[in-house]
Amino acid sequence: MLVTIEIDGKKVQARSGAMVIEAADELGIRIPRFCYHKKLSIAANCRMCLVEVEKAAKPLPACATPVTEGMRIFTKSRKALDAQKAVMEFLLINHPLDCPICDQGGECELQDVAMGYGRDVSRFAEKKRVVKDKNLGPLISTDMTRCIHCTRCVRFGEEIAGLRELGATGRGEHMEIGTYIEKAVQHELSGNVIDLCPVGALTNKPFRFSARAWEMRQFPTIAAHDCVGSNLNAHIGKNKVLRMVPRDNELVNETWISDRDRFGFEGVNSDDRLRVPMIKQNGQWKETDWTSALDFVATGLGKIASTSGVSEIGALCSPSSTVEEMYLLQRFIRGLGSGHVDHRLRQTDFSDQDAAPLYPSLGQSIEHLETVDAALVIGADIRRQQPLLAHRLRMAALDGANVMFLGSVGSTYQFPVAANVVVDPRCLTNELAGVAKALLKQASVNPPAGFAESAKAVQVSADHEAIAKALKGARNATVLLGTDAIHHPDLSTLRSLASLIAQLTDAKLGYMTEGANAAGAWLAGMVPHRGPSGSKGAPAGSPISEMLRQALKAYVLLGVEPDKDCGDVRAAMKAMRDANFVVALTAYQSPSLEQVAHVMLPVAPFTETSGTFVNAEGRWQSFAGAVAPQGDARPAWKVLRVLGNVMHIDGFEFMSSEEVRDELRTRVGNAHPDNKTRWHPPRPFVSVPQGFTRVTLVAPHSVDAIVRRSDALQQTTDAPTFAALVSDETARELSVREGQMVAMAQGGNEITMPVRLDARVPRGCVLVYAGQPGAEHLDPSATLTVRGI
Amino acid sequence: MSAQMQATGVALINDASRADIDRWVAKYPAEQKQSAVMAALRIVQDQNGGWLTNELMDAVADYLEMPKIAVYEVATFYSMYELEPVGRHKICVCTNISCLLCGSDDVVKHLEGKLGIKMGETTKDRRFTLKEVECLGACCGAPMMQIGNSYFENLTAQKIDDIIGKLD
């Protein structure tokens, strides 16, 4: 319902129940404020937004005064301005006059408002209070004397993060914002309080004292570390990205970004950036120029093609490469005559890839996740893998949705969780089959072919019944396969069962993929069995597992560090080492590439190239380079274009990345993926496996080469640890204590690590983070033997 | 939450205190357990000899299933919660307007002289703590003080000596 109000003489229609400040904001009438924030609850404690309302005796706070029919509001009348100026004076009483040494100076809401409403000279001659700074960890810097107690950060913790870490302790003049007991804030969205803080009390720690707002230029870009594709602004000074801040996009990230998207970019300024092309000659790395390097690549690949055949050439790329890069890379390899291209570096089961959808999509919009009334999330540590999708599901859960988890890492969630089933990875299919069995029973539907035989031994537990009931009873349900499910050795069965469950409950089936651009990779044809836009891939090639097993003669790597990015590190490193020719298009001089590559071409990370990422919901988001590439680095799409030309392959005449994108975009047209997968009869399900199982987790700050080089993120508690993580129960069974060394053996290899207790790990399992030294000797989710030493 | 509860220091709250807290919890709707936080803090403070440790506040947070910081906020806001050890007898002297007009300065001076400590301090033998407080709502009996759960009004030097003399 609408009401008519008048603000500063302008008649306007406003939603009944809206606050005066919202109506004014919509009209573009600026009312000063500190505590009000459109995404947070109303506190009305700063009093800065006092306005005059006709027939009201005293000025009223615009943020907490609902509009009513015929209301007349004056935001700039004498009465309003006097009230605002008085509040300003009170707020400044205890605020230090230290703008010249404050990091917020120049982009400070208090400074701006004080310019308009403050007095020239303070009348406060008494002593100002001083508040001790707090140590909130490696990401957020504090200067608590500057705090004006707006409590935005406190409300953010309670309402958005769901984890109350900050609070207001003490009373009156002794009130302080902090954690009371010193501790680092731990939430994956914690950095957002930096943007929320209207003063210089909470600032960006790694960015501290690097530049003033007016010394930097702002360029829009897209986050490159998860499938959400958060909208960012990159702030550039001295031709370097100095920080990332969120750019509002209600449909994608609202006004938030994850800490990984805010601080991860640090890696692009890492010291080990590759700045010039390098060639390995007689085992020695030598710097060279681009022409020689590209000739070297062309000659090397040409030689392999003529002596061993083109099918001895394969290409792998990071799932966070741009659409343009992947489109050109697959065209280059296919142009040479080989079909061996893949981006699914950690995936292990490719058996049903022909039945896979056009691209693994969320199956709904990101915004839609907030409105589901039941969600089953399979194989995902969603808070760490896609923090903003977790945030959307949290909103749904607070609204009463049954959000349920089934996986091998028992994370904790800051919302009511209807079920959290944590099992040995080898039992994951069994558990999902249990849910399917419960559903089939409840719906009295005949099971699909082969299900009954395979699921004969599957016991339907109370959890299965509850999950089935919640999904079936929901009008708007979703079943989501997460990153861990996609890496699971029996992905095909998980996919098949999830599809069956989705079908039986009329739920939307979705994927939460790895990297920034897995969807784009499928569309660009960076998969061996399909060309661009899902066309018949000609010539057909092998998926990564086969490519590594076959030990090809030549590999082209784009943005891949084989010892860190591949699921099977051992196979990857062996294949690379045995290959005759390895070309690395890389932003970094990685030790592993120095070991196995024969030529390293410096390419630009996402901040230095134009490109496009397609997020999980299928949204194409293009961006321009925010800074010039460092050293002699070049955007990878340009390098590939020139390589195509040098090797006389057709279809490399593009003048801009937009042309590359547009060509693919035209080919894709309006094609949408249908995530439903054909049923295929599964293998018998295992309920109680023998022996111990390794659980693998890719730490949130290890997902790509850039974030691995972000010092700030590596100092957080989410950084991976060199340890064998087991639950209390498992530790007792093994008779080991925290800190004691254990030996883990598998297939003749043995590695030792210290034990650490971690309640997230299911019984009978040992969690070893991916990429830890020695971890490559253990299969990501297979049996191993463990003994204390 | 329940697994977390077991893992933390809820055990620090003894059975008698727990029964007492449960009586307060029962007064509120089941999903608003945290309404009992003030009573719970008072109960565990009494259990602990008059002051709250961080561990006890954490225990209350876990017991009432609320964020720890929310308990710290309450405990630091109200002056009746002590976050440092106090003497066996906490003497709270009102120095607010009515008591001030009726001579609370003399009460303070007498107590400080008699016990040899300043406001906010504790005697070496840990018998007494002196604390300056705001209005306790007994203006008609000003000047006044509170020791333990009792109010003492219309104070004079003689009366203070008598009261202190009777304490162990």
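Calculation rules
- Residues numbered from 1 in each chain as written.
- Chains lettered and ligands numbered in written order.
- Predicted model: local features only at pLDDT ≥ 70, side-chain atom pairs only at ≥ 80, totals over all residues.
- Heavy atoms only, no water.
- Phe/Tyr/Trp six-rings, centres within 6.5 Å; stacked < 30°, edge-to-face > 60°.
- Helix = DSSP H or I, 4+ residues; strand = E, 2+ residues; numbered from the N terminus.
- Buried < 20%, exposed > 50% of the residue type's maximum accessible area, 1.4 Å probe, protein only.
- Axes fitted to C-alpha atoms, helices over the stretch in contact; angles between N-to-C directions.
- Parallel < 35°, antiparallel > 145°, perpendicular 65-115°, else oblique.
- Left-handed = near helix turned anticlockwise from the far one by under 90°.
- Contact = heavy atoms within 4.5 Å.
- Nonpolar A, V, L, I, M, F, W, Y, C, P; charged D, E, K, R; others polar.
- Buried area = accessible area lost by both parts, 1.4 Å probe.
- Salt bridge = Lys/Arg side-chain N within 4 Å of Asp/Glu carboxyl O.
- Pairing = 2+ DSSP bridges.
- Core = buried A, V, L, I, M, F, W, Y, C linked by side-chain atoms within 4.5 Å.
- Expected span 1.5 Å × (residues − 1).

Side note on the packing of aromatic side chains
Residue and element names in this part refer to chain A. Scanning all chains against the criterion turns up ten aromatic pairs over all chains. Taken together, a centroid distance of 5.7 Å and an interplanar angle of 55° make the contact between Phe296 and Phe581 tilted. Here Phe296, found in helix 7 (residues 290–308), pairs with Phe581, found in strand 23 (residues 581–586); they are 285 residues apart in sequence, far enough to count as distant. On the basis of relative accessibility, which here comes to 26%, the residue Phe296 falls in the partly exposed class.

What to know about the packing of helix 2 (residues 78–93) of chain A against helix 3 (residues 109–117) of chain A
Residues and elements named next belong to chain A. One way to put it is that helix 2 packs onto helix 3 with a least axis distance of 10 Å and a crossing angle of 130°. If you check the angle between helix 2 and helix 3, you find them oblique. In this structure, the crossing between helix 2 and helix 3 has a hand that is left-handed. Across the interface between the two elements, Leu81, Gln84, Lys85, Met88 and Leu92 of helix 2 pack against Leu110, Val113, Ala114 and Tyr117 of helix 3. Of the residues that constitute the contact of helix 2 with helix 3, the class distribution is seven nonpolar, one polar and one charged.

Re the interface of chain B and chain A
Residue-level contacts link twelve residues of chain B with 14 residues of chain A. The largest per-residue losses of area from chain B upon contact with chain A belong to Ile69(B), Glu73(B) and Phe77(B), which jointly make up 49% of the total buried on that side. Put simply, chain B and chain A have one salt bridge between them. Of all elements in the fold, only helix 4 (54–63) and helix 5 (68–77) of chain B reach the threshold of two or more residues within the side of chain B that touches chain A. In terms of residue class, the side of chain B that touches chain A is made up of seven nonpolar, four polar and one charged.

Some remarks on the pattern of salt bridges
All names here are of chain A. Across all of its chains, the model carries 55 salt bridges over all chains by this definition. Arg72 is the salt-bridge partner of Glu54, the closest N and O atoms lying 2.7 Å from each other. With Glu54 in the loop between strand 3 (50–53) and strand 4 (60–61) and Arg72 in strand 5 (residues 72–74), this residue pair connects regions lying 18 residues apart in the sequence. Overall, Glu54 belongs to the partly exposed group, its relative accessible area being 31%.

Considering the sheet that holds strand 12 (residues 240–246) of chain A
All names here are of chain A. Pairing within the open sheet is antiparallel, and its three strands lie in the order 10-11-12. Each end of this open sheet is capped by a strand with a single partner; those strands are strand 10 (217–222) and strand 12. Averaged over neighbouring strand pairs, the angle between their axes works out to 35° when direction is ignored. Taken together, the six bridges between strand 10 and strand 11 (residues 231–237) define a ladder with antiparallel strand orientation. Bridge pairing links Thr221 to Leu232 in strand 11.

Section: the nonpolar core
It is characteristic of soluble globular proteins that their nonpolar side chains tend to be buried jointly. Residue and element names in this part refer to chain A. Grouped together as the largest cluster of nonpolar side chains are 70 residues, with contacts concentrated most on Phe34, Met48, Phe156, Ile382, Leu389 and Leu393. For this core, the elements supplying multiple residues, two or more each, are helix 2, helix 3, helix 4 (152–161), helix 5 (192–196), strand 17 (374–378), helix 10 (387–398), strand 18 (402–407) and helix 23 (711–714). At six residues, helix 10 tops the list of elements feeding residues into this core. When neighbours within four sequence positions are excluded, Leu389 is seen to be in contact with Cys227, Val228, Leu362, Ile366, Leu369, Ile382 and Met512.

Overview of helix 15 (residues 491–505) of chain A
All names here are of chain A. For helix 15, with 15 residues, the first-to-last C-alpha span of 21 Å sits near the 21 Å given by 1.5 Å per residue. Of all 15 residues making up helix 15, 14 are buried, and the element is well covered by its neighbours. Directly after helix 15, the chain includes Asp506, whose backbone phi takes a positive value near 60°.

Looking at unusual backbone geometry
Here the bond from Ala142(B) into Pro143(B) is cis, since omega is -5°, no more than 30 degrees from zero. When you line up the elements, Pro143(B) lands in the loop between strand 2 (128–133) and strand 3 (145–147). Positive phi outside glycine occurs at Tyr180(A), with the angle close to 70°. A positive phi angle, close to 50°, is found at Asn282(A), a residue other than glycine. With respect to the element layout, Asn282(A) can be found in the loop between strand 13 (278–281) and strand 14 (284–287). Note on Asn282(A): relative accessible area 79%, which makes it exposed.

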